[in-house]
Amino acid sequence: MATKSLASCIFCKIIKGEIPSLKLIETNLSYSFLDIGPIAKGHALIIPKYHAEKMHEVPDEYLADILPIGKKIATALGCEEYNILQNNGPLAHQVVKHAHFHVIPKPNAEQGLI
Ligand code: 5GP
Ligand code: ZN
């Protein structure tokens, strides 16, 4: 599977190891890591190894790889309640212009995550 990369993109640099990250799960098609500015403990990002700004520009085989990783992360966190979020474009609050999925745990009072 050919990957598509943009030299100036911070998430492409993370995939290539040019910017450090706290890696969770990596496959041939996707890379997941902890968000640098978590809004909850365990806040993770999953990105395709294909540079596209928006989700609808990402080939299906890359998208198909991502939700199973979201399942694994949610299961590993042991958190029954969580959000999977995906922003496209500035009006939708997208800041980093490489399509990505957030996994945001919503722990209850008894849960300690990570
Ligand atoms: P967006 O608003 O674009 O959907 O979210 C981008 C996310 O990427 C933010 O939650 C932000 O904290 C995260 N982020 C931006 N730069 C970096 C980085 O260099 N490393 C990591 N791990 N996360 C980043
Ligand atoms: Zn990129």
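Located above this text is the structure these notes cover.
Below is a short write-up of the structure. Along each chain, numbering runs from 1 in the same order as the chain's sequence is written. Chain letters and ligand numbers both follow the written order, the letters beginning at A and the numbers at 1. In view of the model being predicted, local features appear only for residues whose pLDDT reaches at least 70, and side-chain atom pairs are presented and counted only at 80 or more, with totals across whole chains, interfaces and linings using the full set of residues.

## Considering the sheet that holds strand β5 (residues 101-105)
Filter applied, for reference: At least two DSSP bridges between two strands are needed for those strands to be called paired. A run of DSSP states H or I qualifies as a helix once it reaches four residues; a run of E qualifies as a strand once it reaches two. Both are numbered from the N-terminal end. Orientation is described by lines fitted to C-alpha atoms, with helices fitted over the stretch in contact, and by angles between N-to-C directions that extend from 0 to 180 degrees.
Read from one edge to the other, the open sheet built from 5 strands follows the order β1-β2-β3-β5-β4, with strand pairing classed as antiparallel. Both edges of this open sheet fall to β1 (23-26) and β4 (82-85), since each of them pairs with a single strand only. Between one strand axis and the next, the sheet turns through 15° on average, direction left out of account. Looking at chain direction, β4 and β5 are connected through 4 bridges and run antiparallel. Residue I84 lies in a different strand from β5, and its bridge partner there is V103.

## Digging into the pairing of strand β2 (residues 30-34)
Here β1 runs beside β2; their pairing, made up of 2 bridges, is antiparallel. Bridge pairing in β2 links K23 to F33. Across 5 bridges, β2 lies against strand β3 (residues 44-48) in antiparallel orientation. Considered in β3, the bridge of F33 is made with L45.

## Remarks on the nonpolar core
Where a protein is soluble and globular, its nonpolar side chains tend to be buried together. Rules: For the purposes of this analysis, a nonpolar core is taken to be any set of buried Ala, Val, Leu, Ile, Met, Phe, Trp, Tyr and Cys residues that are connected through C-beta atoms within 7 Å. Partly exposed residues are those whose C-beta has more than 12 but fewer than 20 other C-beta atoms within 10 Å; 20 or more makes a residue buried and 12 or fewer makes it exposed, with C-beta atoms placed from the backbone. By definition, residues are in contact whenever their C-beta atoms, placed on the basis of the backbone, come within 7 Å of each other.
In this structure, I46 and V103 are the most contacted members of the largest nonpolar core, which totals 17 residues. Of all the secondary-structure elements, those providing two or more residues to this core are α1 (10-16), β3, α2 (60-77) and β5. What I46 contacts, discounting residues up to four positions off in sequence, is S30, S32, I66, I69, G70, H100, F101 and V103.

## Let's talk about the site of ligand 1
Inclusion rule: Near residues are defined by distance alone, with the backbone-placed C-beta atom required to lie within 6 Å of the molecule or strand. Classification convention: Asp, Glu, Lys, Arg as charged; Ala, Val, Leu, Ile, Met, Phe, Trp, Tyr, Cys, Pro as nonpolar; all other residues, Gly among them, as polar.
Contacts to ligand 1 come from 14 residues, most closely from I36, G37, N87, V95 and V96. Class assignment for the residues of the shell around ligand 1 results in 8 nonpolar, 5 polar and 1 charged.

## Remarks on α2
Residues spaced three or four apart along an α-helix point in a common direction, a consequence of the helix completing one turn every 3.6 residues. Rule in force here: Given the number of residues in a helix, its expected span is that number minus one, multiplied by 1.5 Å. Directions pointing from the helix axis toward each C-beta atom define the arc.
Here α2 spans 27 Å end to end across 18 residues, near enough to the 26 Å set by a 1.5 Å rise per residue. What α2 keeps buried is the set Y62, I66, I69, I73 and L77. For α2, the angular spread of the buried residues around the axis is 75°, confining them to a single face. Opposite the buried face of α2, at more than 90 degrees from it, the exposed residues are D60, E61, A64, L67, K71 and T75. Packing partners of the buried residues in α2 comprise β1, β2, β3 and β5.

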